[in-house]
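One letter stands for each residue in the lines below.
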Amino acid sequence: MRREELLELLQRVASGKVSPEDAHERVARLPYLDLGAARLDLFRELRSGLPEVVFGEGKSEEELVRIVESMVEHSGRALVTRIGASAAERLSAVVADGCYEARARVWTAGRFAPASGRRIAVVSAGTSDFPVAEEAAVCADWLGHEAVRIRDVGVAGIQRLLDAVGELRRADVAIVVAGMDGALPTVVAGLVPCPVVAVPTSVGYGASFEGIAPLLTMLTACAPGIAVVNIDNGFGAAALAHRILSTSIASP
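This section reports on the structure supplied with the text. (Residues numbered from 1 in each chain as written. Predicted model: local features only at pLDDT ≥ 70, side-chain atom pairs only at ≥ 80, totals over all residues. Heavy atoms only, no water.)

### What about the sheet that holds strand β7 (residues 119-124)?
(1) Moving on: In spatial order, the strands read β8-β7-β9-β10-β11; together these 5 strands make up an open sheet with parallel pairing. The open sheet has two edge strands, β8 (146-150) and β11 (226-228), and neither has a second partner. For this sheet, the mean inter-axis angle between neighbouring strands, taken without regard to orientation, is 25°.
(2) Moving on: For β7 and β8, the ladder comprises 5 bridges, and the chain directions are parallel. Residue pairing in the sheet places Ile 120 in a bridge with Ala 147 of β8.
(3) Moving on: Strands β9 (173-178), β10 (196-200) and β11 of the sheet are contacted by helix α10 (residues 212-219), whose axis makes an angle of about 160° with β10. (Pairing = 2+ DSSP bridges. Helix = DSSP H or I, 4+ residues; strand = E, 2+ residues; numbered from the N terminus. Axes fitted to C-alpha atoms, helices over the stretch in contact; angles between N-to-C directions. Contact = heavy atoms within 4.5 Å.)

### Focus on the nonpolar core
(1) Moving on: Core analysis: the biggest nonpolar cluster contains 30 residues, and Ile 120, Val 122, Ile 175 and Val 199 have the highest contact counts within it.
(2) Moving on: Secondary-structure elements contributing two or more residues to this core are β7, α6 (130-142), β9, β10 and α11 (234-250).
(3) Moving on: Counting residues per element, this core draws most heavily on α6, which supplies 8 residues.
(4) Moving on: Residues in contact with Ile 120, not counting those within four places in the same chain, are Ala 140, His 145, Glu 146, Ala 147, Val 148, Val 173, Ile 175, Ala 241 and Leu 245. (Core = buried A, V, L, I, M, F, W, Y, C linked by side-chain atoms within 4.5 Å. Buried < 20%, exposed > 50% of the residue type's maximum accessible area, 1.4 Å probe, protein only.)

### A few points about the pairing of strand β4 (residues 78-81)
(1) Moving on: Burial along β4 is two-sided: Ala 78 and Val 80 facing one way and Leu 79 and Thr 81 facing the other are all buried.
(2) Moving on: Each parallel crossover has a hand, and for strand β3 (residues 54-55) linked through helix α4 (residues 61-75) to β4 it is right-handed. (Right-handed = clockwise from strand over helix to strand, strands pointing away.)

This is the structure in structure tokens:
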């Protein structure tokens, strides 16, 4: 339930259009809906401004169907990350407007919010980083923002990034995704005025330690204004960018 929906319900109770008993039925599932294998936090948006999102790995297709059907019934929307094509087909068979992005491994139904008019630049260092970057872009779009993809501009050929500086400087937030040495977020943060969300990926040879090396590089970046999320966490980057933009939209 969104804040606006709760306020409307309370106003209808106050005006006598809805009885207190009927209103109670509407909110009786607070704080969660127990499905047995999952307990859905349907009122998370009222507390945090972000809805519950489904992490698909480790869940059976049957569990995913039950969870998503309940979410769509409650709010008309759902976002599921880290699932394969088979699970996505099962979900799309029961939800008419379901959409699957294979590279991102993200399935969506509906949209969390209407277009905000804010731009998130999603920058990837190399083509191998693209799946994580695409997860961030698809999630950012579902959250209501324009995701502008800037691909394959790693520091090994820095002229490619410099050609994209004009596009970068028009962004309200930049999500920068990189593996290997993880240097790209530092360079981007030195070129743009907006906040930078850095995403280390597990892409790279042995000494990158499956993302630990770029994670440490990003955490020790010399350029200010960088926040770092977990390895391969494209959704987390989109969620953080959304919080930044939501706060700035709400501010006077």
